[in-house]
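Now for the letters of each chain:
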Amino acid sequence: MPSPLPTRLTIWQHLGTLWRGLLLAWRHLRAALGPRSHRLSITDAAYFQSGPTTLRYPYERLPVPERGRYRLHNAIDDCIVCDKCAKVCPVDCIEIDSIKSPISIGKTSNGMTKRLYAARFDIDLAKCCFCGLCTTVCPTQCLTMTPEYDYSVFDWAEHKVAFATLTPEEITVYQQALEVRP
Ligand code: SF4
Ligand code: SF4
């Protein structure tokens, strides 16, 4: 038996569905054109209720988890150049050269005496596997993971970050001072 022709009521139902669909699409379009209303962390329970999931990166960013492991930073003024971080690193991406000082050269912010200059303190972030071991052994907590996760470069060599701040002249002076020590 042939199906009955659409009734007047069915056509209105179709139009109503179409209208609701257009309204929904417009609401999503309008939300996507504006800034995200809440920049919730992915760990937040309401993350998927906070609007479109895409962001205008890099102009908008989501907060990263508090204990996330991202780019390393060494607050070199607090570093006692003990070499522990380099020794524990499983991929040998920390390179340190130290120069002994005949006398104390100051204190770290947690009260440890500094007796070594950091002639070189390089971390090759291209090799780093972000295990975080170096930060856990650091006795002065100067080596930390920052929330910075976007550090793309055009050349691998740029991932080798130098944290030491001594000039070549200062390095020469400190080395000579050690050599002439009685
Ligand atoms: S996070 Fe791990 S791999 Fe990276 S420098 Fe520290 S110890 Fe080495
Ligand atoms: S473990 Fe900490 S204090 Fe020791 S050399 Fe590494 S960054 Fe410096």
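Each value, and the rule that gives it
Residues numbered from 1 in each chain as written. Chains lettered and ligands numbered in written order. Predicted model: local features only at pLDDT ≥ 70, side-chain atom pairs only at ≥ 80, totals over all residues. Heavy atoms only, no water. Helix = DSSP H or I, 4+ residues; strand = E, 2+ residues; numbered from the N terminus. Buried < 20%, exposed > 50% of the residue type's maximum accessible area, 1.4 Å probe, protein only. Contact = heavy atoms within 4.5 Å. Areas by Shrake-Rupley, 256 points an atom, 1.4 Å probe, with all protein chains shown as cover. pLDDT = per-residue confidence, 0-100. Near = heavy atom within 4 Å. Nonpolar A, V, L, I, M, F, W, Y, C, P; charged D, E, K, R; others polar. Patch = residues over 30% accessible without salt bridge, like charges linked within 9 Å, V, L, I, M, F, W, Y side chains within 5 Å. Salt bridge = Lys/Arg side-chain N within 4 Å of Asp/Glu carboxyl O. Core = buried A, V, L, I, M, F, W, Y, C linked by side-chain atoms within 4.5 Å. Phe/Tyr/Trp six-rings, centres within 6.5 Å; stacked < 30°, edge-to-face > 60°. Pairing = 2+ DSSP bridges. Axes fitted to C-alpha atoms, helices over the stretch in contact; angles between N-to-C directions.

S.K.: Help me understand the overall build of the protein chain in this model?
M.R.: If you tally the helices and strands in the protein chain, you get four helices and five strands. Listing the helices and strands of the protein chain from first to last along the sequence gives α-β-α-β-β-α-β-β-α. By the burial criterion, 26% of the 182 residues in the protein chain qualify as buried. The contacts in the protein chain between residues at least 6 apart in sequence include a share of 66% that link residues at least 24 apart. Carbon together with sulfur atoms contributes 59% to the accessible area of the protein chain, which is approximately 13100 Å² in total.

S.K.: Help me out: how do you make sense of the confidence of the model for the protein chain in this one?
M.R.: Counting all residues, the mean pLDDT for the protein chain is 88, and 88% of those residues have values of 70 or more. Considering each helix and strand of the protein chain separately, the mean pLDDT is smallest for helix H1 (residues 8-33), with a value of 86, and largest for helix H2 (residues 84-88), with 98.

S.K.: Can you walk me through the site of ligand 2 in this structure?
M.R.: Among the 15 residues in the neighbourhood of ligand 2, the closest are listed as Cys79, Cys82, Asp83, Cys85 and Cys138. A breakdown of the residues in the shell around ligand 2 according to their chemical character gives 11 nonpolar, two polar and two charged.

S.K.: Looking at this model, I keep getting lost on the site of ligand 1. Mind explaining?
M.R.: As a structural note, the neighbourhood of ligand 1 is formed by 13 residues, with Cys89, Cys128, Cys131, Gly132 and Cys134 the closest of them. Residue classes in the shell around ligand 1 are distributed as 12 nonpolar, one polar and no charged.

S.K.: Sorry, what's going on with a nonpolar patch on the surface here?
M.R.: Taken together, the side chains of Ile11, Trp12, Leu15, Leu18, Trp19, Leu22 and Leu23 make up a nonpolar region of the molecular surface, amounting to roughly 760 Å² of accessible area. Here Leu23 lies in helix H1. On the basis of relative accessible area, Leu23 is assigned to the partly exposed category, the value being 35%.

S.K.: Please explain the nonpolar core as it appears in this structure.
M.R.: Within soluble globular proteins, side chains that are nonpolar generally end up buried alongside one another. Among the nonpolar cores identified, the biggest contains 23 residues, and Leu72, Ile94, Phe121, Ile123 and Leu143 are the most heavily contacted of them. Elements that contribute at least two residues to this core include exactly H2, strand E2 (94-100), strand E3 (116-124) and strand E4 (143-145). Considering every element that reaches this core, the biggest residue donor is E3, with three residues.

S.K.: Is there a simple way to think about the packing of aromatic side chains in this case?
M.R.: The description of an aromatic ring pair uses the distance of the two centres, along with the angle that the planes make with each other. Tallied over the full model, the rule gives four aromatic pairs. Geometrically, the ring pair formed by Phe121 and Phe163 is edge-to-face, given 6.3 Å between the ring centres and 75° between the ring planes. On the criterion of sequence distance, the pair formed by Phe121 in strand E3 and Phe163 in the loop between strand E5 (160-162) and helix H4 (168-179) is long-range, its members being 42 residues apart. Accessibility classification places Phe121 together with Phe163 in one group, the buried group. Site record: aromatic cluster; members linked through ring pairs are Tyr57, Tyr70 and Tyr149.

S.K.: Would you mind going over the pattern of salt bridges with me for this structure?
M.R.: Where charged atoms from two side chains of opposite charge approach closely, those side chains can pair. Overall, the coordinates contain five salt bridges when judged by the stated rule. In this structure, Asp83 engages Lys87 in a salt bridge whose closest nitrogen and oxygen atoms are separated by 3.4 Å. Residue classification places Asp83 among the partly exposed positions, given a relative accessible area of 27%. Given a relative accessible area of 66%, Lys87 falls into the exposed group. One salt-bridge network, held together by shared partners, links Glu95, Asp97, Arg120, Asp122 and Lys160.

S.K.: Honestly, the pairing of E3 in this entry has me stumped. Any pointers?
M.R.: Moving residue by residue along a regular strand, the side chains alternate between the two faces of the sheet. Of all nine residues making up E3, seven are buried, and the element is well covered by its neighbours. Across seven bridges, E2 lies against E3 in antiparallel orientation. Bridging from a neighbouring strand, Ser98 pairs with Ala118 of E3. Strand direction decides the pairing type here: E3 and E5, joined by three bridges, are antiparallel.

S.K.: I tried to follow the sheet that holds E3 on my own but got confused; where do I start?
M.R.: Strands in a sheet are paired, the pairing made by backbone hydrogen bonds, and the direction either parallel or antiparallel. Spatially, the three strands line up as an open sheet ordered E2-E3-E5, and their pairing is antiparallel. In this open sheet, the two strands that pair with only one neighbour each are E2 and E5. Along the sheet, successive strands turn relative to each other by an average axial angle of 15°, direction set aside. Relative to E2, H4 is tilted by about 50°, and along the sheet it contacts E2 and E3.

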